[in-house]
Amino acid sequence: MYRLQRVISLLTDFGLKDPYVGVMKGVIYSINPYAIVVDITHDVPKFNIDVASTILLVSYKYFPKGTIHVCVVDPGVGTSRKAILVKTRNYFFIGPDNGCLYKAIVDDGIIEVYDISDSPYSLKNKSYTFHGRDLFSPVAAYLSLGIPPEKLGTPYEGELIKPSTVGIEILDSCVKGYIVYIDGFGNLMTNIESRYVREIGIDYGKFIKVFVGGNEFKCLYEKSFGYVEKGNFISYINSWGYLEIGVNQGSAAEKLRAHVGEEVKVCLD
Amino acid sequence: MYRLQRVISLLTDFGLKDPYVGVMKGVIYSINPYAIVVDITHDVPKFNIDVASTILLVSYKYFPKGTIHVCVVDPGVGTSRKAILVKTRNYFFIGPDNGCLYKAIVDDGIIEVYDISDSPYSLKNKSYTFHGRDLFSPVAAYLSLGIPPEKLGTPYEGELIKPSTVGIEILDSCVKGYIVYIDGFGNLMTNIESRYVREIGIDYGKFIKVFVGGNEFKCLYEKSFGYVEKGNFISYINSWGYLEIGVNQGSAAEKLRAHVGEEVKVCLD
Amino acid sequence: MYRLQRVISLLTDFGLKDPYVGVMKGVIYSINPYAIVVDITHDVPKFNIDVASTILLVSYKYFPKGTIHVCVVDPGVGTSRKAILVKTRNYFFIGPDNGCLYKAIVDDGIIEVYDISDSPYSLKNKSYTFHGRDLFSPVAAYLSLGIPPEKLGTPYEGELIKPSTVGIEILDSCVKGYIVYIDGFGNLMTNIESRYVREIGIDYGKFIKVFVGGNEFKCLYEKSFGYVEKGNFISYINSWGYLEIGVNQGSAAEKLRAHVGEEVKVCLD
């Protein structure tokens, strides 16, 4: 039923400068040498649960079914915050109950939730500050070996913590949302799904008006960057299915001094 | 003929901050859980095809024969640029036809080229902006499973795009080239192969005159850094076989404010 | 006796911008495609042997027994510094004899030391500047295949190079040590083990006086960050067992402009 060679993905705010991530892998391979450990990223802005939850939401489904996704963005480590294991329709998710798993598990469909805060499968002498190593990694590794969730923790029926989110507003020929992620290219990903864009009549080849911070500008809506000259703004549905504002071979974030959480309004021109 | 457990190398300008690289691996392992995915680097300066082509040139041959090298530095993603799969004497190379594969495939010897722009093995609903995930990763993964290149694309006989390069000039006891790469230590790698250095009579233990930008200085030519005091310039054949200017336990790039593409002249002193 | 599927860990100051680490993995998988290569970190401050030795000390034991730990922080590459392979009670360690392995091998217990400087298992045409690729990686890979240490090198009985260290001083109700590591969160790890903290009577819930650089301040000693408000100092035993000064969701290093090597004194308040 469970395959031994199972993918375990890691998503943290630990960075790669320190040995934290390497040691988590050491722990996992100590338990299951046949695991396949894949880094989603370790450069989530430190303690930023909202960004972690967005990254996990867009990434999780590109992994093999049965993948165990471990997310450790955990400002409350060592306090009374719960640690959870969630079985969803197609995956497993492990991490602190602080919202970082929330969007992904709801998107895939929650089947069962387990409280693993006091899992008997943690490392002996569990530290108070590094549950990524002492709790989440061993639980993930034992799960990958086929230990069933009900042995790793206890069923949990309480309400799960949600990340902070703001909804979408449709106003006539405009849609209002906010910046949920800025990638390394400086592209501004919004929480506006493609269907909202279609709803207000925006289509490829049309121009839209974009309002971000104090800025207001016209911008082509097209399939990809190459439709505008280098250095020009472009808006498009990004590869995760959300409206994004970018600059061809440049950084929209820098040009607009934009930041995550900022409101974005786009209108049919 | 094809082994299931095949190495797939990844070389991109995606950085590690975003989930792009992790998701490419998720896609690959979804198709071939026995693949071995190795990062060459993901910190190619963004959109810098020349640097990517140099990195691939020096790196590819250190991987097992049969390795599938995937290079995604792709400013033209979503436009009419072709995507190609190249079988060389010992390897496979996959990426956009924009020059980033060029130096390596010519160096190893091109056997066959395939146009995979419309490969039937891409992910469904291929995005316009992330072919690393939707096209290059799945094609590499299916190739690693043994699907033959002619099923992954169609034979391509057109001329391939070349990266911009400048040649070497020999003038009496001098050789002129340019900086093709600056590494994390600040060492300046030139395009001057060791045979040119020997040709003008430079030998271990001798001093050379170096001209970079407005700078002109004498510099020992030796085997490695330890032959000069900490902080001093040293020139040597780097581990890839090219003339390089460095500073023992310091940064030549910083000292000379040098940048990739700058002309370098070295003369026998 | 030796398993083919063996973990090889890598710890270097090469960074991830350059292809150096990727190429080391290419070499390893060329020799043993069943190896499991795990990065501890590649962002050791360049040439900083002391920091490397501390990272290796705290990390090594979280890996499976038999893991081959390769550490390449090697300012003396290409000079007469020796390259060594050390069999300890539970692990193997490979790297330059410059102190970077020292703390870990002493901690685990040295069984045998081999000089691999002229190992017949290095790559042909070994370069003078990249022994990570040409010597340490192939020796590790062949060791992982079961080639015994005595074939990879020759027994070495000489004294090993030590990293620079400063001891602990106990003075009445104070203990004095120094900062051995600053992590990506800005937490200040000292060389003061938990037993010294207990020895002077410090206990959870008590306040201590901390002296770092010119700074002097009171600080709660507790289990983890969550016991103080965001932005406040906290002292605790870190996950490796050493006294550490941190700031809840902030950077102690920034607040105190602290650096590795600086003296730290803590006293019972």
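Residues numbered from 1 in each chain as written. Chains lettered and ligands numbered in written order. Predicted model: local features only at pLDDT ≥ 70, side-chain atom pairs only at ≥ 80, totals over all residues. Heavy atoms only, no water.

Novice: Got a sec to walk through the environment of B:Ser235? Specific residues and values, please.
Specialist: All names here are of chain B. The topology assignment puts Ser-235 in strand 13 (residues 233–237). Separated by 12 residues in the primary sequence, Ser-235 and Val-247 place their C-alpha atoms 8.4 Å from one another. The contacts of Ser-235, once residues within four sequence positions are left out, are Ile-208, Cys-219, Leu-220, Tyr-221, Glu-222, Leu-243, Glu-244 and Ile-245. (Helix = DSSP H or I, 4+ residues; strand = E, 2+ residues; numbered from the N terminus. Contact = heavy atoms within 4.5 Å.)

Novice: Quick one: what's the story with the sheet that holds strand 3 (residues 68–72) of chain B, residue by residue and with numbers?
Specialist: All names here are of chain B. A sheet is described by the order of its strands in space; here seven strands give the open sequence 2-1-3-5-4-6-7, paired in mixed fashion. Among the strands making up the open sheet, the edge pair consists of strand 2 (36–41) and strand 7 (154–155). Bridge count for strand 4 (residues 83–88) against strand 6 (residues 110–115) is five bridges, and the pairing is antiparallel. Across the sheet, Thr-88 pairs through a bridge with Ile-110, a residue of strand 6. Sitting on the sheet, helix 2 (residues 49–59) touches strand 1 (7–12), strand 2, strand 3 and strand 5 (92–96), and the angle it makes with strand 2 is about 125°. (Pairing = 2+ DSSP bridges. Axes fitted to C-alpha atoms, helices over the stretch in contact; angles between N-to-C directions.)

Novice: Give me the lowdown on the relation of the copies chain A and chain B, citing residues and values where you can.
Specialist: Once turned by 120° and shifted 0.0 Å along the axis, chain A lies on chain B with an RMSD of 0.0 Å. One copy is carried onto the other by what is essentially a three-fold rotation axis. The overlap is low: 3% of the interface residues of chain A also sit at the interface in chain B, so different surfaces are used on the two sides. (Least-squares fit on C-alpha atoms with pLDDT ≥ 70 in both.)

Novice: Got a sec to walk through the pattern of salt bridges? Specific residues and values, please.
Specialist: When charged atoms on two side chains of opposite charge get close, those side chains can pair. Per the counting criterion, the structure on display carries 28 salt bridges over all chains. Among the ionic pairs, A:Asp134 bridges to A:Arg133, the shortest N-O distance being 2.5 Å. The pair formed by A:Asp134 and A:Arg133 is uniform in burial state, with each residue classed as buried. When the shortest N-O distance is used, the salt bridge between B:Glu193 and B:Arg195 registers 3.5 Å. On the accessibility criterion, B:Arg195 (43% relative accessible area) is partly exposed. Several salt bridges converge on common partners, so that one network encompasses C:Glu169, C:Lys176 and C:Glu263. (Salt bridge = Lys/Arg side-chain N within 4 Å of Asp/Glu carboxyl O. Buried < 20%, exposed > 50% of the residue type's maximum accessible area, 1.4 Å probe, protein only.)

Novice: Hey, could you go over the relation of the copies chain A and chain C for me, with residue numbers and the actual values?
Specialist: Expressed as a screw operation, the relation of chain A to chain C combines 0.0 Å of axial shift with a rotation of 120°, fitting to an RMSD of 0.0 Å. By residue overlap, the copies meet through two different surfaces: only 4% of the interface positions of chain A are interface positions in chain C.

Novice: Which residues make up the interface of chain A and chain B, and what are the values?
Specialist: Taken together, the contact pairs 32 residues of chain A with 28 residues of chain B. A buried area of about 2,600 Å², summed over both sides, lies between chain A and chain B, and 63% of it is on carbon and sulfur atoms. Joining chain A to chain B, the criterion identifies zero salt bridges. For the pair chain A and chain B, the number of links is 13 residue pairs in polar contact (both at pLDDT 80 or more). Considering each element in turn, the side of chain A that touches chain B owes the most residues, five residues, to strand 2 (residues 36–41) of chain A. Broken down by class, the residue content of the side of chain A that touches chain B amounts to 17 nonpolar, 10 polar and five charged. (Buried area = accessible area lost by both parts, 1.4 Å probe. Polar contact = N/O pair within 3.5 Å; in protein donor to acceptor, adjacent residues only side chain to side chain. Nonpolar A, V, L, I, M, F, W, Y, C, P; charged D, E, K, R; others polar.)

Novice: Report on the sheet that holds strand 3 (residues 68–72) of chain C, specifying residues and quantitative values.
Specialist: All names here are of chain C. Taken together, the seven strands give an open sheet; going across it, the order is 2-1-3-5-4-6-7, and neighbouring strands pair in mixed fashion. The two strands at the open ends of the sheet, each matched to only one other strand, are strand 2 (36–41) and strand 7 (154–155). Where strand 6 (residues 110–115) lies against strand 7, two bridges are found, and the strand directions are antiparallel. Each residue of the ladder has a partner; that of Tyr-114, found in strand 7, is Pro-155.

Novice: So, the domain arrangement of chain A: which residues are in play, and what are the values?
Specialist: Residue and element names in this part refer to chain A. The assigned domain composition of chain A is domain 1 (7–155) and domain 2 (169–268). Look at where the C-alpha atoms of domain 1 and domain 2 centre, and you get two points 32 Å apart. Listed by partner, the interface residues are six residues for domain 1 and seven residues for domain 2. Interface area, domain 1 with domain 2, both sides summed: about 560 Å², of which 75% is carbon and sulfur. Applying the counting rule to domain 1 against domain 2 returns zero salt bridges. Connecting domain 1 to domain 2 are zero residue pairs in polar contact (both at pLDDT 80 or more). Of the residues assigned to the side of domain 1 that touches domain 2, the class counts are five nonpolar, one polar and no charged. (Domains from an automatic or database assignment.)

Novice: I'd love a proper account of the packing of helix 1 (residues 20–31) of chain A against helix 4 (residues 131–145) of chain A, names of residues and values included.
Specialist: Residue and element names in this part refer to chain A. Closest axis-to-axis distance for the helix 1/helix 4 pair is 9 Å, and the angle between their directions is 35°. Helix-helix and strand crossings are classified by hand; for helix 1 and helix 4 the assignment is right-handed. Residues Val-23, Met-24, Val-27, Ile-28 and Ile-31 of helix 1 form the contact with helix 4, whose participating residues are Gly-132, Arg-133, Ser-137, Pro-138, Ala-141, Tyr-142 and Leu-145. Residue composition of the contact of helix 1 with helix 4, by class: nine nonpolar, two polar and one charged. (Left-handed = near helix turned anticlockwise from the far one by under 90°.)

Novice: Quick rundown of the state of the cysteines? Include the residues and the values.
Specialist: Here, disulfide denotes a covalent bond that connects the sulfur atoms of two cysteines. Using the criterion set out here, one finds three disulfides over all chains in the structure. The disulfide bridge from A:Cys174 ends at A:Cys267, spanning 2.0 Å between sulfur atoms. Disulfide A:Cys174 to A:Cys267: torsion about the S-S bond roughly 110°, handedness right-handed. Of this pair, A:Cys174 sits in strand 9 (residues 174–182) while A:Cys267 is found in strand 15 (residues 263–268), placing the two residues 93 residues apart along the sequence. Judged on exposure class, the residue A:Cys174 and its partner A:Cys267 are both buried. Looking at B:Cys100, it has no disulfide partner, and the nearest cysteine sulfur is the one in B:Cys71, 3.3 Å off. The exposure class of B:Cys100 is buried, given its relative accessible area of 0%. (Disulfide = S-S within 2.5 Å.)

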